[in-house]
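Letter by letter, the chains look like this.
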Protein chains: 4
Amino acid sequence: MWLQTRCDFEFEIAEPTPFVLMLRPRSGPLQWVAREEYRLTPHAPVSEFVDVYGNLCQRLIAPPGPFSIHTSAEVKTADALDRAPGAPFVEVQALPDATLGYLLPSRYCESDRFNQMACEITAGRALGYDQVAAIEQWLRARIQYIPGSSDIPISAVEVNQRGQGVCRDLAHLGIALCRSLSIPARMVVGYLHGLEPMDMHAWFEAFVGGRWYTFDATQTELRGGYVVVGYGRDAADVAIYTQFGLPVFPIRYEVDVHRITPPGPNPATTD
Amino acid sequence: MWLQTRCDFEFEIAEPTPFVLMLRPRSGPLQWVAREEYRLTPHAPVSEFVDVYGNLCQRLIAPPGPFSIHTSAEVKTADALDRAPGAPFVEVQALPDATLGYLLPSRYCESDRFNQMACEITAGRALGYDQVAAIEQWLRARIQYIPGSSDIPISAVEVNQRGQGVCRDLAHLGIALCRSLSIPARMVVGYLHGLEPMDMHAWFEAFVGGRWYTFDATQTELRGGYVVVGYGRDAADVAIYTQFGLPVFPIRYEVDVHRITPPGPNPATTD
Amino acid sequence: MWLQTRCDFEFEIAEPTPFVLMLRPRSGPLQWVAREEYRLTPHAPVSEFVDVYGNLCQRLIAPPGPFSIHTSAEVKTADALDRAPGAPFVEVQALPDATLGYLLPSRYCESDRFNQMACEITAGRALGYDQVAAIEQWLRARIQYIPGSSDIPISAVEVNQRGQGVCRDLAHLGIALCRSLSIPARMVVGYLHGLEPMDMHAWFEAFVGGRWYTFDATQTELRGGYVVVGYGRDAADVAIYTQFGLPVFPIRYEVDVHRITPPGPNPATTD
Amino acid sequence: MWLQTRCDFEFEIAEPTPFVLMLRPRSGPLQWVAREEYRLTPHAPVSEFVDVYGNLCQRLIAPPGPFSIHTSAEVKTADALDRAPGAPFVEVQALPDATLGYLLPSRYCESDRFNQMACEITAGRALGYDQVAAIEQWLRARIQYIPGSSDIPISAVEVNQRGQGVCRDLAHLGIALCRSLSIPARMVVGYLHGLEPMDMHAWFEAFVGGRWYTFDATQTELRGGYVVVGYGRDAADVAIYTQFGLPVFPIRYEVDVHRITPPGPNPATTD
């Protein structure tokens, strides 16, 4: 399906404020960015770099006064997510080098503390995809999904204690459980068509059967319509914006995702 | 200045044909891509990767039948190029690791054959920027610039023998001369506002005084309006498209660059 | 000074066991590995990769039975560490891209929870090196250094609560405090000549004044004799060995560091 | 088999002279470096970096006076090379991203000029491994291998005209022929046990059937005993040393490779 995504921020900046942004989806095998807009108003000098996870990050200093960031994109993404019940566990020795880092504990995913719990949750399941599916199912049943933003990020251990959380929290717990079983798992932030209420979203991917698969315990059913903006070990790596200096909060923040007609050779299409 | 760039290809494909494209300008310290469009008609599955020079490359298989590629962008770029007469030569031991590869000879830049000639051209000049400026000046005076596309790329040795060439050829000779003096030099492809006749363009950069500077012997004077699409050692690395299998030629190919009003919420904004 | 380092492990392996090792020091501007030995007995197929922090990592499957790893190296390292009182804080916007990841919280360094405490510890100090030196001094005074290995890694928050820890723990708390002040900080593991009792060691580096400086709160005074084996965000990234599957513990583990005569053809040469 | 390799250089340096060296074999799936020595006499500050091909490179400034470089290694390498008659050609669209650069023409491999010749040489062969084997066979039959060092590197076109060359030249022509058929091919430098006369050696690898295979037209038969020191597009990328400034030639240069008893605590161990 073709989606148009939009994310807008408006700040009132008191003093020159450094930002690192992660708001540019990249084209890849699973999504194609056919059109993209990324505007800063007023325009400020900005540089871009690729971080160690392959994300495109933008650095800038927001000048004092009103400052807005507008990003939008037209993206072709899968109509339905790939699922692979029965896809096997990949022995550590056969994992690609680049996935090994996703086995390690990270700030919000203390996977070193979840092995026993993960074994219980996945008891009786075939090693691999089915274990992750069992974890996802367990999260849906046991951790209440509260849309919206928590004030401060909490870690998988804390999420498990509270029994509830935002999308990011469910992803953290899912990741920690997977890693504790030696299944590489990573955080994804991006857009999801039809998310209610609409917002930036977070979910996770697990590496089984030789590739990454998408999991999302916040949704009752896995369906298509995901647009990836960034990958990382957990939320610490994939903040859509990291701001330094005195805290600044957006005075406006809007996210929108809607389906569009597939662009095509039809000259009646307007742009 | 703000520019709108556009590059369109139309092919008539006989059999499924693999392409590697390099048509996506990246935002960086010297240019900001505020809007970009990249459409394939019909749409084909495409993946993107970053090559060893940092360029964003797209891979796809063009399906049989009419196939078109449309790319356009709105880019903020410098009004004037930085120049730095007197900027010193950087001793090899002080060069950043990432520039060392740009000292080596490459397919179309046989820098191992130009040391004597480069010494003659730059005799009496201060080491560094002024040497490169002398090389650029020499190219302007001695190698006739013939706009358009040569049928087959030729190397710096051949360009020097012929005494004429397209933009790419002048860049190759300039690069070979710089490298023969132990000055890192690299090929750049992209757009130039005001180029006559309009086409994709090629020029070169040399690393002196601690950074890369732009040189272009095809223009009588260095001015702003450049939009970078790709960097490489020479034209072999930065083809805007590389096509595999039976040769396919575009039946339509258009390039356009024009100034636009700085985007912004307030149409009166000047930039 | 020239050092010979040695690290030996001996395991009794019950079933084929995957390992990722990080035991190979790399030559760099600050240390030169003139001789290195790395033996597996029995030899097992092993591959090597460079992780995202630049460390050389080795992957192998230890076969059942006795399995030993012997590594030793002759390394030239600095006689004294560079110190730079007064070296300034680097504004976030001026930090190299590659240092930005070292500003983020990580598994054992919850830097998002330490800002107030870090401000108190560094009150009145010039921004930059002097802040880090104050943190190091504070750690020496307030966190008791207990040589040896803790059973299970704990995080900076826990270290601070306990008021004591192993070398790794002091480093984690130092890193968390630095990052909370927007000073990039990273974990280092390696060898230290004269460490009592001898063991693998951990310390931290902070990026101020345009480069990384070494800090180590476990030592009463900063001196030379450090040999770096790996860098990372925290201990999760720089385990000297990560073992998968059923836990296996070394039945022998020895570390040795001693000074050697500078190697050279002429034994009379001093260095 | 276990090999001990040694490469020694001795220079008489007139003025401080920058070098980039590529003399450190890396451990990988196909070879394990169990012991390595790398000594500079007198010792000079040196830094190490990984180039875009994954090679470990050392940078230093040789001081005036006698200057020697000694490297040796104990390496476990394959007893016999893998061969794979019938291994299929990999369609461009299925090639890993990292192999694409090895399809492009490079300084000494003008693959853009060899397509017709390559088609003739490989006529009737199955696409893939068998084509490369035919190219290797053709080189053996038609290009006379003259051991030793040519004064100045020549390119594949020149090698083909002369009908003879050193190991590097045969590799260049083999690479150019492979690439002209859309088979990724790369230059390898290193050691070969039993090479007559002993010297550093060069050969090539081609990517067919999903992996790299070794080819060497200088030997009448493919056998084991290769130790890789560096990979690249051609000799321009993999010089074992690149020296800048006034040319300096080694006054002594020795290479040695011999089999050793497999190292191990038990001298009776066989391998």
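These lines cover the structure that appears in this document, whether it is placed above or below. (Residues numbered from 1 in each chain as written. Chains lettered and ligands numbered in written order. Predicted model: local features only at pLDDT ≥ 70, side-chain atom pairs only at ≥ 80, totals over all residues. Heavy atoms only, no water.)

Residue and element names in this part refer to chain C. Spatially, 4 strands are ordered β11-β10-β9-β12 in an open sheet, and the strand pairing comes out antiparallel. Two strands close off the open sheet at either side, each with one partner strand: β11 (211-215) and β12 (226-232). Pairwise comparison of adjacent strand axes, ignoring direction, gives a mean angle of 40° for this sheet. As paired strands, strand β9 (residues 185-192) and strand β10 (residues 201-208) are joined by 6 bridges and run antiparallel to one another. Its bridge partner being in β10, V188 is matched across the sheet by W203. (Pairing = 2+ DSSP bridges. Helix = DSSP H or I, 4+ residues; strand = E, 2+ residues; numbered from the N terminus. Axes fitted to C-alpha atoms, helices over the stretch in contact; angles between N-to-C directions.)

Superposition record for chain A on chain C: RMSD 0.0 Å, screw rotation 180°, translation along axis 0.0 Å. In the structure described here, the two chain copies are related by an operation that fits a two-fold rotation axis. When C-alpha distances to the rotation axis are compared across chain A, the minimum falls at R107 of chain A, with a value of 1.7 Å. (Least-squares fit on C-alpha atoms with pLDDT ≥ 70 in both.)

Right, let's get into the interface of chain B and chain A. Taken together, the contact between chain B and chain A spans 28 residues of the former and 30 residues of the latter. Summed over both partners, the interface of chain B with chain A comes to about 2,400 Å²; 53% of that surface belongs to carbon and sulfur atoms. Inspection of the region where chain B meets chain A yields 4 salt bridges. For the interface between chain B and chain A, the tally reads 9 residue pairs in polar contact (both at pLDDT 80 or more). (Contact = heavy atoms within 4.5 Å. Buried area = accessible area lost by both parts, 1.4 Å probe. Salt bridge = Lys/Arg side-chain N within 4 Å of Asp/Glu carboxyl O. Polar contact = N/O pair within 3.5 Å; in protein donor to acceptor, adjacent residues only side chain to side chain.)

Turning our eyes to something else, we now look at the relation of the copies chain B and chain A. Under the fitted operation, chain B is carried onto chain A by 0.0 Å of movement along the axis and a turn of 180°, and the coordinates agree to an RMSD of 0.0 Å. Both copies contact each other with a shared surface, as 100% of the interface residues of chain B are interface residues in chain A too.

Take the interface of chain A and chain C next. Interface size is commonly expressed as the accessible area that is lost once the parts come together. Between chain A and chain C, the residue contacts involve 33 residues of the former and 33 residues of the latter. Between chain A and chain C, a total of about 2,700 Å² is buried, with carbon and sulfur atoms accounting for 52% of that surface. The tally of links between chain A and chain C comes to 8 salt bridges. Of the charged contacts in the structure, one is a salt bridge between D112 of chain C and R107 of chain A, with a shortest N-O distance of 3.1 Å. Counting every contact that joins chain A to chain C gives 16 residue pairs in polar contact (both at pLDDT 80 or more). Elements that contribute at least two residues to the side of chain A that touches chain C include exactly β2 (17-21) and β5 (56-62) of chain A. Classifying every residue of the side of chain A that touches chain C gives 21 nonpolar, 3 polar and 9 charged. (Nonpolar A, V, L, I, M, F, W, Y, C, P; charged D, E, K, R; others polar.)

As a further point, take the packing of aromatic side chains. All names here are of chain A. Tallied over the full model, the rule gives 56 aromatic pairs over all chains. On the numbers, 5.4 Å between centres and 90° between planes, the contact of Y102 with W212 is edge-to-face. Highlighted residues: Y102 in the loop between β6 (65-77) and α1 (115-121) and W212 in strand β11 (residues 211-215), separated in sequence by 110 residues. Pair check on accessibility: Y102 and W212 agree, each one buried. For the ring pair W203 and Y226, a centre distance of 4.6 Å and an interplane angle of 65° mean the geometry is edge-to-face. Remark: Y226 occurs in strand β12 (residues 226-232) and W203 occurs in strand β10 (residues 201-208); sequence separation between them is 23 residues. (Phe/Tyr/Trp six-rings, centres within 6.5 Å; stacked < 30°, edge-to-face > 60°. Buried < 20%, exposed > 50% of the residue type's maximum accessible area, 1.4 Å probe, protein only.)

Relative to the elements of secondary structure, R107 of chain B occurs in the loop between β6 (65-77) and α1 (115-121). Considering only alpha carbons, one finds R107 of chain B and V248 of chain B, 141 residues apart in sequence, at a separation of 23 Å. With residues up to four places along the chain from it excluded, the contact list for R107 of chain B reads S155, D234 and A236 of chain B together with P105, S106, R107, C109, E110, D112 and R113 of chain D. A distance of 3.1 Å separates the side chain of R107 of chain B from the side chain of D112 of chain D, its partner in a polar contact.

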